[in-house]
Amino acid sequence: MTAAPQLWSLRRDRWIRRIGQNWLVAHAALAFGFLYLPILVLVVYSFNQSRFNAVWKGFTLDWYISLLQGGGSLGLLQREGGGLSGGGIMPALQNSLVVAVVATLLATVLGTLLGIAMERFRFPGRPAVEALIYLPIIIPEITMGVSLLVFFTLVFRLVENLTGWRLNLGLPTVIIGHVAFSISFVAVVVRARLVDLDPVLEEAAMDLGANEWKTLWRVTLPLLWPAIFSGALLAFTLSLDDFVVTFFTSGVGATTLPLFVYGMIKFSVTPAINAISTLMLAASLVLVLSSLAVDRDAVRFG
Amino acid sequence: MDKLAVELVEVFKLFKGPGGTDATAVNGIHLQIQDGEFFSLLGPSGCGKTTTLRMIAGFEQPSRGEIFIHGQPMAGRPPFHRSVNTVFQNYALFPHLTVAQNIAFGLEMDNLPKAQVRRRVGDMLALVRLEGKENAYPRQLSGGQQQRVALARALVKQPEVLLLDEPLGALDLKLRKEMQIELKHMQQQVGITFVFVTHDQEEALTMSDRIAVMHQGNVLQVGSPVDIYERPADAFVAGFIGESNFLAGQVAERNHQEAVVLVDNHLPIRVSLEDALVNIGHAVTLVLRPEKATLHSPGSCTEHCWAGTVEETLYLGTDTRYVVRLTDKSRIVVRNQNLHASDAQNFPPGSPVHVGVHPSALRILAAS
Ligand SMILES: Nc1ncnc2c1ncn2[C@@H]1O[C@H](COP(=O)(O)OP(=O)(O)OP(=O)(O)O)[C@@H](O)[C@H]1O
Ligand SMILES: [Mg+2]
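Residues numbered from 1 in each chain as written. Chains lettered and ligands numbered in written order. Predicted model: local features only at pLDDT ≥ 70, side-chain atom pairs only at ≥ 80, totals over all residues. Heavy atoms only, no water.

Observations regarding the overall build of chain A
Assigned secondary structure in chain A consists of 12 helices and zero strands. Secondary structure of chain A in N-to-C order comes out as α-α-α-α-α-α-α-α-α-α-α-α. Scored against the burial criterion, the 302 residues of chain A give a buried share of 40%. Counting only contacts in chain A whose residues sit at least 6 apart along the sequence, the fraction spanning at least 24 positions is 68%. (Helix = DSSP H or I, 4+ residues; strand = E, 2+ residues; numbered from the N terminus. Buried < 20%, exposed > 50% of the residue type's maximum accessible area, 1.4 Å probe, protein only. Contact = heavy atoms within 4.5 Å.)

Topic: the state of the cysteines
Residues and elements named next belong to chain B. As enumerated under the stated definition, the model contains one disulfide over all chains in all. The disulfide that involves Cys-301 links it to Cys-305, with 1.6 Å between the sulfurs. One quick way to see it: the torsion about the S-S bond of Cys-301 and Cys-305 is about -85 degrees, and its sign makes the bridge left-handed. (Disulfide = S-S within 2.5 Å.)

Some remarks on the environment of A:Leu68
By the element assignment, A:Leu68 lies in helix α2 (residues 62-68). Sequence spacing of A:Leu68 and A:Ser291 is 223 residues, and the spatial spacing of their C-alpha atoms is 27 Å.

Quick word on the site of ligand 1
All names here are of chain B. Every residue lining ligand 1 is accounted for by Phe-15, Ala-25, Ser-45, Gly-46, Cys-47, Gly-48, Lys-49, Thr-50, Thr-51 and Glu-166. Contacts to ligand 1 include Ser-45, whose side-chain N or O atom sits 2.5 Å from an oxygen atom. Take Lys-49: an N or O atom from its side chain is 2.8 Å from an oxygen atom of ligand 1. For ligand 1, the protein covers 58% of the area, taking 640 Å² as the surface of the free molecule. In terms of residue count, helix α1 (residues 49-57) provides more of the shell around ligand 1 than any other element does, three residues in total. Looking at the shell around ligand 1 residue by residue, the classes come out as three nonpolar, five polar and two charged. (Near = heavy atom within 4 Å. Polar contact = N/O pair within 3.5 Å; in protein donor to acceptor, adjacent residues only side chain to side chain. Areas by Shrake-Rupley, 256 points an atom, 1.4 Å probe, with all protein chains shown as cover. Nonpolar A, V, L, I, M, F, W, Y, C, P; charged D, E, K, R; others polar.)

Quick look at the sheet that holds strand β7 (residues 161-165) of chain B
All names here are of chain B. In space, the six strands of this open sheet follow the order β6-β7-β8-β3-β9-β10, with mixed pairing throughout. The sheet is open, and its two edges are formed by β6 (84-87) and β10 (218-223), each paired on a single side. Put simply, the sheet's adjacent strands are angled 20 degrees from each other on average, direction ignored. As paired elements, β7 and strand β8 (residues 193-198) share five bridges and run parallel to each other. Across the sheet, the residue bridging to Val-161 is Thr-193, located in β8. (Pairing = 2+ DSSP bridges. Axes fitted to C-alpha atoms, helices over the stretch in contact; angles between N-to-C directions.)

Quick look at helix α9 (residues 212-241) of chain A
Between its first and last C-alpha, α9(A) extends only 38 Å over 30 residues, short of the 44 Å set by a 1.5 Å rise per residue. The sharpest bend along α9(A) reaches about 55 degrees and sits at A:Trp225, with the proline A:Pro226 one to four residues further on. (Expected span 1.5 Å × (residues − 1). Bend = angle between axes of the 7 residues up to and from the residue.)

So, helix α5 (residues 126-138) of chain A
Residues and elements named next belong to chain A. With 13 residues, α5 should reach 18 Å at 1.5 Å per residue; the first-to-last C-alpha distance of 19 Å fits that figure. Of the positions making up α5, those classed as buried are Arg-126, Ile-133 and Pro-136. Projected onto a plane normal to the axis of α5, the buried residues spread over an arc of 75 degrees and lie on a single side. Set apart from the buried face of α5 by more than 90 degrees, the exposed residues are Pro-127 and Ile-138. Where α5 is buried, its residues contact α4 (89-120), α6 (141-163) and α7 (171-196). (Arc of directions from axis to C-beta.)

Things to note about the pairing of strand β11 (residues 245-254) of chain B
Taken residue by residue, a regular strand's side chains alternate between the two faces of the sheet. Residue and element names in this part refer to chain B. Bridging between β11 and strand β14 (residues 283-288) involves six bridges; their strand directions are antiparallel. The partner of Asn-245 across the bridge, within β14, is Leu-288. As paired elements, β11 and strand β12 (residues 258-263) share five bridges and run antiparallel to each other. Paired with Glu-253 across the strands is Val-260, a residue of β12. With antiparallel pairing between neighbouring strands as the criterion, β11 and β12 make up a hairpin whose turn holds three residues.

This is the structure we're talking about:
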C-alpha cells in the first residue's frame, strides 16, 4: 500500500517538471518575440512594394534605391525632411557621420585618459570623480539633454554679454553633447581592461629605462588598444543612434539621421523609413559585433 | 673606489595596513653586497624579500634609511634612472612584443643606434640559447624559454646589478635544477652582481656566494652557505635551513674552545664553542644536524652516546632518516648515509640503538 502513492507522486513530479520546462520555453519565446518581432516586421516591410505597411504586395528594392538617390523619387521624403531642417536624407546622413566621427575621436581620447587616470593614479577627490564617471550612463537621457540645453543657453548668454558674439545651437553643440555621454562609456570599457592588466608590466618597462611617458606609449596603450578600439566603436554607435540628446542640442540645420526619421514619421510611415531604419540597424549591428570581436581577440594577450 | 655594489643602511618599509595601522614589511635592515657577488635573500613567505628588492629597484621608497648603488644614494631616484635591472617573478614579458622586441626594449629606451641594438639582441639570444625564437611571441614559449627571455631582456642592458625575484619559482623541479646551474654559470660569465630572492633554501645554498636569511622583516644572518648551514646564528636559521634537532641545556664548564653542557636528563656533553658568547650557568640551545649524529647498535657506540629506540625509519635512497625516541622521551632525528645496500635494514622500528654525537657536530646557541 506504500508503493502506489509513491508512484503517483513520482508521476506528478515529472508532470510538474514538464509543465515547468514548457512554461520556461514559452516564456523565453514570448520575450524574444516582444524584442525581435517588431524589428523583423520592420525589416520585412522595408522590402514591400506597397506604400502602406499593412498590406504585403511583393518584394522590391525600390525604397533602398530611392534612399541612395537622396529620396528624389519620393516626394514625401523631401517634404518631410524639409519640415525639420530643409535638407534631404543625404545631408542628414552626412551630419550624423560628421558628428559621430568627431565625437568619437574626442570621446575616445578623453575617455581613455580618464580611464587610465582612474585606475593608475591616486589623486585627491578620486572617489568623487569615480562616481561622476558613471553618471552619464545611469541618468535618464532626457535629463542629460535638458541639462545640456540649459548649459549651452547659459554659456551663450554669458559669451554674448562679454563679447557681443551671438552663438547658436548647431553641429558643434551636438558634438559636445555626444562627447559628454560617450566619454563615460569609453572610460568604463578602458578601465575594465586596465584592471586586468598587471601593473608589473608597466614596472618592467620603467625598470628597462622607460619613463612614465614612454611606458604609457610603448606598453600601456598598446595593451589597451583593443579596449580603446571597442570603446570607440561603442561611442560611434551611440552617437549615430542618439535621438534625445541630439534633439535638445541641435539647432536649425543640424538634423541628424534619427531626427530626420522622426520628422518623417510625423507625417506618415512609409517603407522608406523602414529602409532607413533597417540600414541603421545593420550598421549598428556591424559596429557592435566588431567591437565584441576586437575585445575577444584581446583575451589572447592578457 | 667603493667595492660595494649595493648597500642598505638601516632600511625600513612600513605599509599602511587596514584601519590605518602600519605594518612593518622591512624592519631596519643593513646589507652590504659586494661587486660581482651572487647574493641571495632567503626567507619564508612574507618576510620582506620582495619588498627589499623593490626598494633597490626603485618601485618602493624606503620609509626610513638609505640605499646606495655603487656608492650613489638612491633616494628619490625613479627606476628608469637606476643602473639595476629586474627579472620578475612571473617574467612580466610584454605580450604584444616578440622575443627580439622584448629584449631590444631596454636598449631602445637608451636610444642606441639600430645596428648596435640588433647586434646586442643577437648576442643575448645566443647567450640564453634562444636563436630561432626571435619572432615568437611570449605566449608561444614554454615556461623555461620565457624565463630565459626575461633574463636576456634584463642582462642586455648590462646593468651593474641584476635583481631576480624567485626567477625559477614557476618552473618544474627538473627544469628548475637545470636553470639553477645555467644561471650560476651565466653570472660567472657576465660578472654582474646578482641579488637573488628565493624561499628555497637548497637553491640558495647551491647558487649563492653569500646568503642573507630574513624573517619577519629582519636580517637574521648574512654569510656563506657553509656559514649559514654549519654555524646558524639562531634557532630560526637552524630550523629554516635544513633540518635540526634542538636540545635545551645549561653551561656547566667552559674554556676558550669548549664548554661542557648539561643537556636535560642526559650526561654532560662537550661542545666546541667557536664564536658563541656563553658563560657558565647560561641556558643554551644545542643544534644537532641529523646527518652529524650516527646510529649504533648498543655497545658499539664509542663517542658520546644516548640510548633510545627507533620509532620510524624512512628510506630516502642515498640515506635513511630515523626518528629515535630517547630514554627521556624526547625525540631526535638522525640521517645516515646508505653506504652498503643492507644499511637501510640495520635498524627497523623498535630496535634499541645508541645515538653517537661528536662534540664538533653540535652548534651551541645562547637561548633566546
Ligand atoms: N603594497 C603593499 N601594501 C601592504 N602591505 C604589503 C605590500 N607589499 C607587501 N606587503 C606586506 O609586507 C610583507 C612582506 O611582503 P613581501 O612581498 O616583501 O614578502 P616576500 O618575502 O617577498 O614573500 P613571498 O615569498 O611570499 O613573495 C607582507 O606581510 C606583505 O603583506
Ligand atoms: Mg615575494
